[in-house]
Amino acid sequence: MIRAASRLAAPLLVLAAFAQAEDKKPEAIAGVGPTGEIKKMEGKYAFTEGPAADADGNVYFSDIPNEKIHKIDAGGKVSIFREKSNHANGLMVNVKGEVVACEMGGAIAAYSADGKDRRVICDKYEGKRFNAPNDLVLDNAGGVYFTDPSFRAPMPLPQEKTAVYYADAAGKVTRLIDDLPNPNGVRLSPDDTTLYVFPSGQKKMMTYPVMEPGKIGAGKVFCELEQPRADGNGGGDGGAVDAKGNVYITSAIGLQVFDPAGKKLGTIKFPEQPSNATFGGKDLKTLFVTARTSVYSCPMDVAGHRFGMK
């Protein structure tokens, strides 16, 4: 009976901790936020990912296992934007209003603003399908940087290695990086001169100078993620960038925030482990975070940056 009671007590303690975390106003990072409570917007999904905002204040997110993309309008109403998304993961909205998606089925695709039409941006490199595109960032030249790790990919890997690619405005693909353990999240600085890559297989997050669209210089360590255990080497997932150039990286302990030089500013914690983040709302001062079965939002002191808008 004692062992059974102990097993029962542990989940109850975890649930209680989650409840406290959700109700408690988070500790603010000076000049960043949050400036108010973290609110649970939706919580009925299998695994949420890829939040992306458009110019009208709508936010899109993926439910990967259920192959759906959902839309949260400016009033908070949730609807299905796209059925059969080919396990879409990371999303971003381009200047045309299309929702650009990393389809883990092997392609980078763009959906029309109503979600009905799909066009393939790229689905092969050197004649072979991609492993399982995971996350992406749009640049101001009309191109897409995207990661292609091994998660949900066929085995053996179609590309034989995990990598980061660039597809230009015409769809021409270049492989940029192939020496990271499962590159996952990818973002740019507000001026498009720095590429950030968040590997899942190491605690060291990487940065690369962008010489011109689709051409980068040698990489260096941007920061090291704080770990749940001192001897851990867990990596990042997705993330966001604000107008000041601060970089937000989702991790096992929460959303870790770093300034442009890689100095840690703090961690924003959520009731569930976050997978990805974006800024949205009319003033881009609402942070939307996907976290396992749910989507959360919180007001921020700083505005976010929207990629590929020039």
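Look up a bit, the structure's there.
A short tour of the structure in this document, coming up. (Residues numbered from 1 in each chain as written. Predicted model: local features only at pLDDT ≥ 70, side-chain atom pairs only at ≥ 80, totals over all residues. Heavy atoms only, no water.)

**What about the overall build of the protein?**
The helix and strand tally for the protein stands at 1 helix and 27 strands. At 19 Å, the protein has a C-alpha radius of gyration in line with the 19 Å of a compact globule built from 310 residues. For the protein, the C-alpha atoms occupy an extent of roughly 60 × 45 × 40 Å along the three principal directions. Residue burial in the protein is summarised as follows: out of 310 residues, 55% are buried. Taking the intrachain contacts of the protein between residues at least 6 apart in sequence as the baseline, contacts between residues at least 24 apart amount to 46%. Carbon and sulfur atoms form 52% of the exposed surface of the protein, whose accessible area is close to 13,600 Å². Averaged over its 38 positive side-chain charges, the protein has a centre that lies 3 Å from the centre of its 37 negative ones. (Helix = DSSP H or I, 4+ residues; strand = E, 2+ residues; numbered from the N terminus. Rg over C-alpha atoms; globule rule 2.2 N^0.38 Å. Buried < 20%, exposed > 50% of the residue type's maximum accessible area, 1.4 Å probe, protein only. Contact = heavy atoms within 4.5 Å. Areas by Shrake-Rupley, 256 points an atom, 1.4 Å probe, with all protein chains shown as cover. Lys, Arg positive; Asp, Glu negative; His and termini not counted. Charge placed at Lys NZ, Arg CZ, Asp CG, Glu CD.)

**Observations regarding the pattern of salt bridges**
Between side chains of opposite charge, pairing is possible as soon as their charged atoms come close. Inspection of the entire model under this criterion finds 12 salt bridges. Taking the shortest distance from any N to any O, the salt bridge between Lys68 and Glu83 comes out at 3.5 Å. One end of the pair, Lys68, is in strand β4 (residues 68–72); the other, Glu83, is in strand β5 (residues 78–83), and 15 residues separate them in sequence. Exposure remark for Lys68: the relative accessible area of 23% places this residue in the partly exposed category. (Salt bridge = Lys/Arg side-chain N within 4 Å of Asp/Glu carboxyl O.)

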